Amino acid sequence: MTGSTTDPETTDPEALRERALAALLAARERTTLLTSCVEDSELAAQHSPLMSPLVWDLAHIGNQEEQWLLRAVAGREAMRPEIDPLYDAFEHPRAERPNLPLLAPAEARGYAAEVRGRALDVLERTPFRGTPLTDAGFAFGMIAQHEQQHDETMLITHQLRSGQTALTAPDPPAGEPFTGPSEVLVPGGPFTMGTSTEPWALDNERPAHHRLVPPFFIDTTPVTNGAYRRFIEDGGYERTHWWDPAGWAMVRRHNLCAPLFWRREGGQWLRRRFGTVEPVPDDEPVLHVSWYEADAYARWAGRRLPSEEEWEKAARYDPVTDRSMRYPWGDSDPTPERANLGQRHLRPAPTGSYPAGESPLGVRQLIGDVWEWTSGDFLPYPGFAAFPYREYSDVFFGGDYKVLRGGAFSVDEVACRGTFRNWDHPVRRQIFAGFRTARDAGPTESPAPGPA
């Protein structure tokens, strides 16, 4: 068994420099879109206690870029050290941030722009070797990922805010209706999980290590709105035996009866999506469900959520070459034909879309469209080492966090790959999360026929 490989573009220093520049520019273009489509008063408002004011995210992006690229990499003096505590995510919970003396929108824009101008100069002059932060341009890739992660957070805030539509995007391209099998058999045996070669992989993705996984079946596509609606209609939110006790307590406490943003009206289910109310499309992956809801559905369906190692094996393992790839389709980067990423669309594509992104085993939409809950707790890999700071991953290990994999339409490709790990509390519903289910495989079983 061999491990994962890397594309030459991920190892050549000058190719990586061009890649870093493109990633930083793309992130800033998206940040600008998300913070310029509403009035300044909307930027300064808190649209949900779960989220920061958009203007906090904007200045925080600039502050992190200053701390890591200007100070840590280039060794420059702090531009505005007095604001560091304001934008320390661990010092102030989100609910408290509106009460802080934050930079006003114009000042935040100016600060982020000034930092970016200096950071691009640092990028041009820095050798991509010599220190752990600069090897392969890691610090620049880390900052591009950080900004895109906050862009996704700001997109969640846009979904939570009330008022008129502020964002628009074309729908995903229409494809042929999916008619393949509803599940795929993933063979048992060892595979290489995680990475030690991906240059911008974050600490919790490392190191590469071997996992032995028994054979299992996994859904070919994510669970659809239509399938989830059948769970609702069969009393899914009314029967305690499908639910984890903590999940059932959440359902009763908040009188839940459907995914977040759904409502029943005139005999049909409607949803609110970025300020627009529309019928729930049956053929899209279900979205805005908590881990508890995903787990309850899986039990109702006589299945379970995949473990994290099962998900990654389904997404990366090529049985022909017996190796783990960077992505389901191979080692090359995502393209619009392979995955729904980067906020190109403001919704998931219908299930079964993106045949060019299919894995060697025949599983679709493992990258993009919706984050997928797994059964796994967020824990370190064997040999984990925190880098470059404990607060990115280490402080979250061992809590009640569940792992999500695969990314969503809201995620940029720089912050999404076959090894990328996301995590959140099992109660979270505002994130762009769905799921697919799995089951153990018997010694002589074959996949079930028919579309998912």
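The numbers attached to residues start from 1 for each chain and follow its sequence in the written order. Local features in this predicted model are restricted to residues whose pLDDT is 70 or higher, and side-chain atom pairs enter the listing and the counts only when it is 80 or higher, whereas totals over whole chains, interfaces and linings include all residues. As a rule here, side-chain values come from all non-hydrogen atoms in the structure, and water together with hydrogens is ignored.

A.B. asks: Residues and numbers for the packing of aromatic side chains, please.
C.D. replies: Two aromatic rings, drawn from Phe, Tyr or Trp (for Trp, its six-membered ring), form a pair once their centres lie within 6.5 Å of each other, and the interplanar angle then sorts them: stacked below 30 degrees, edge-to-face above 60, tilted otherwise. As enumerated under the stated definition, the model contains 30 aromatic pairs in all. Members of the aromatic cluster, each reached through a chain of ring pairs, are Trp68, Phe90, Phe378, Phe384, Tyr389, Tyr392, Phe396, Phe397, Tyr401 and Trp423. Whether a charge lies above a ring is judged from NZ of Lys or CZ of Arg, which has to be within 6 Å of the ring centre and within 35 degrees of the ring normal. The positively charged end of arginine 97 is found above the aromatic ring belonging to tryptophan 56, 3.9 Å away from the centroid. Here the basic side chain of arginine 439 rests over the ring of phenylalanine 217, its NZ or CZ set 4.1 Å away from the ring centre.

A.B. asks: An account of the sheet that holds strand S10 (residues 371–377) is requested, with residue identities and associated values reported.
C.D. replies: Two strands pair under a simple rule: DSSP has to find at least two bridges between them. Starting at the N terminus, helices and strands are each numbered in turn, a helix being any DSSP run of H or I of at least four residues and a strand any DSSP run of E of at least two. Here we have four strands laid out as an open sheet, ordered S12-S11-S10-S13, and mixed in their pairing. Only two strands of the sheet have a single partner each, and these edge strands are strand S12 (422–424) and strand S13 (433–434). Of the strand pairs in this sheet, S10 and S13 are connected by two bridges, and their pairing is parallel. Across the sheet, residue glutamate 372 finds its bridge partner in S13, namely glycine 434.

A.B. asks: Can you break down the pairing of S10 residue by residue, with the values?
C.D. replies: With five of seven residues buried, S10 lies mostly within the body of the structure. Sheet topology places S10 next to strand S11 (residues 402–405); three bridges connect them, and they run antiparallel. Of the residues in S11, the one forming a bridge with glutamate 372 is arginine 405. Residue burial is assigned from relative accessible area. The probe radius is 1.4 Å, only protein chains are included, and a residue is buried under 20% of its type maximum, exposed over 50%, and partly exposed in between.

A.B. asks: Describe the sheet that holds strand S5 (residues 262–265), naming the residues involved and giving the relevant values.
C.D. replies: Strand order across the open sheet formed by three strands is S5-S6-S7, with antiparallel pairing between neighbours. Taken across any chain shown, the strands that pair with only one partner, and hence form the sheet edges, are S5 and strand S7 (276–279). Pairwise comparison of adjacent strand axes, ignoring direction, gives a mean angle of 35° for this sheet. Judged from the four bridges that link them, strand S6 (residues 268–273) and S7 form a sheet pairing that is antiparallel. Bridging from a neighbouring strand, leucine 270 pairs with proline 279 of S7. An axis is simply a line fitted to the C-alpha atoms; with a helix, the fit covers only the stretch in contact. Between two such axes, the angle follows the N-to-C directions and lies from 0 to 180 degrees.

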